[in-house]
Amino acid sequence: MFRTKRSGLVRRLWRSRAPVEGDGEADRGGTHGSGGCCMGKTTKVAKSNAGSEAELKALTHSILKKIKEKQLEVLLQAVESKGGARSPCLLLPSKVDAKVGQQSYSLPMLLYKVFRWPDLRHSSELKRLSCCESYGKINPELVCCNPHHMSRLCELESPPPPYSRYPMDYLKPPDSPDSGPSSSDTGGTTYSAPVGLSDSLALQESGERAHWCVVAYWEEKTRVGRLYSVQEPSLDIFYDLPQGNGFCLGQLCSDNKSQLVQMVRAKIGYGIQLTREPDGVWVYNRSCYPIFIKSATLDNPDSRTLLVHKVFPGFSIKAFDYDKAGSLQRPNDHEFTQQPRTGFTVQISFVKGWGQCYTRQFISSCPCWLEVIFNTR
């Protein structure tokens, strides 16, 4: 029987669908991010029975065959590259509903479930990425259905488990003879501001366009490379990416021979996307492994200890909230009087976490991590 190009694309798409638990691929690195978020909370979806699987396959095939070939190619590029390749929006009617068993889904929701998150229940769990044409638009006739233009929202646990709290820590210069934290009776620790801040100040004084943050990359207690000044609203930070521009950690020269550091470097992959939006700064985990984040605006403003938040692949978290940050700038605030020139910082570790539930008590013991220093001027 003669096979058309369209049917070939549809078959390739179905083979590239997101695995569910029991498929043999579901736990392979967590690529699609099916699971919960923050403090290790997970939500696994059981493998569907043969009947519902056949029904889902038939429904997906029938819908995909109605989509134009060019649009199928866009969807295939996004799905097969797992978001690594820059793919355009897939604009389709938002009013079309599909039914699997007793459950009805909109066309976008069905594609998100099939190709990214089989456990997805409601659109309120999603956040559209700012690169998408549908970003910020309410109920358009055509909506982007590209699964890799979406992310899952990271829900914070309340109250958090007690083991996830740890004393606030800052960095000493990398050549300091004693880079460990010095705990006080209150549980806080004091570090000096990161070395190399003068790099960002020099950029400002040279008359270059104002930056909204700078990013420092660290391997354990050593900063690698210069500070990266961020002027565009969105920045990709990655080790290896098929397409795209941004802060490529793989191009930095590092003398660290630690096997753990080299192993974590290899797992950074597509890394993260850092985006400045109207309500704050969001971090999207594009990699295949969890990242860990500490930020003062993710915690109770009256607390003297901060949480480390675990963010799974495919999830987004508002790492810096502008409104909360304003309420934290008090004259005697311990968190910010330590770094009067840098203002607010967010720390992000790739793959490995830190805190009281880990062998690494402080982020300076993590193999590969970032410090995002916001320009509050």
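One can find the structure itself at the top, above this paragraph.
Figured I'd write up the structure that's included with this text. (Residues numbered from 1 in each chain as written. Predicted model: local features only at pLDDT ≥ 70, side-chain atom pairs only at ≥ 80, totals over all residues. Heavy atoms only, no water.)

**Overview of the sheet that holds strand β13 (residues 280-285)**
And step 1. Reading across from one edge, β4-β6-β17-β13-β12-β10-β11 is the order of the seven strands in this open sheet, with mixed pairing throughout. Pairing within the sheet leaves two strands with one partner each, and these edge strands are β4 (126-128) and β11 (246-248). In this sheet, neighbouring strand axes are inclined to one another by 30° on average, regardless of whether the strands run parallel or antiparallel.
And step 2. Sheet topology note: the β4/strand β6 (residues 150-153) ladder contains three bridges and is antiparallel. Across the sheet, residue L126 finds its bridge partner in β6, namely R152. (Pairing = 2+ DSSP bridges. Helix = DSSP H or I, 4+ residues; strand = E, 2+ residues; numbered from the N terminus. Axes fitted to C-alpha atoms, helices over the stretch in contact; angles between N-to-C directions.)

**With respect to helix α3 (residues 69-80)**
And step 1. With 12 residues, α3 extends 16 Å between its outermost C-alpha atoms, agreeing within 8% with the 16 Å of an ideal straight helix rising 1.5 Å per residue.
And step 2. Directly after α3, the chain includes K82, whose backbone phi takes a positive value near 55°. (Expected span 1.5 Å × (residues − 1).)

**Overview of the packing of helix α1 (residues 5-15) against α3**
And step 1. With their axes 10 Å apart at the nearest point, α1 and α3 run at an angle of 25° to one another. By the angle between their directions, the pair α1 and α3 is classed as roughly parallel. The two elements α1 and α3 meet at a crossing, and its hand is left-handed. In this structure, α1 contributes K5, R6, L9, V10, R12 and L13 to the contact, and α3 contributes E69, L72, E73, L75, L76, V79 and E80.
And step 2. Partitioned by chemical class, the residues of the contact of α1 with α3 number seven nonpolar, no polar and six charged. (Parallel < 35°, antiparallel > 145°, perpendicular 65-115°, else oblique. Left-handed = near helix turned anticlockwise from the far one by under 90°. Contact = heavy atoms within 4.5 Å. Nonpolar A, V, L, I, M, F, W, Y, C, P; charged D, E, K, R; others polar.)

**A word on the pairing of β13**
And step 1. Most of β13 is tucked away: six of the six residues are buried.
And step 2. Here strand β12 (residues 272-277) pairs with β13 via six bridges, running antiparallel. Counterpart to R276 in the pairing with β13 is V281.
And step 3. Counted between consecutive antiparallel strands, the loop separating β12 from β13 contains two residues.
And step 4. Alignment of β13 against strand β17 (residues 315-321), held across five bridges, turns out to be antiparallel. Directly across from W282, in β17, lies its bridge partner K318. (Buried < 20%, exposed > 50% of the residue type's maximum accessible area, 1.4 Å probe, protein only.)

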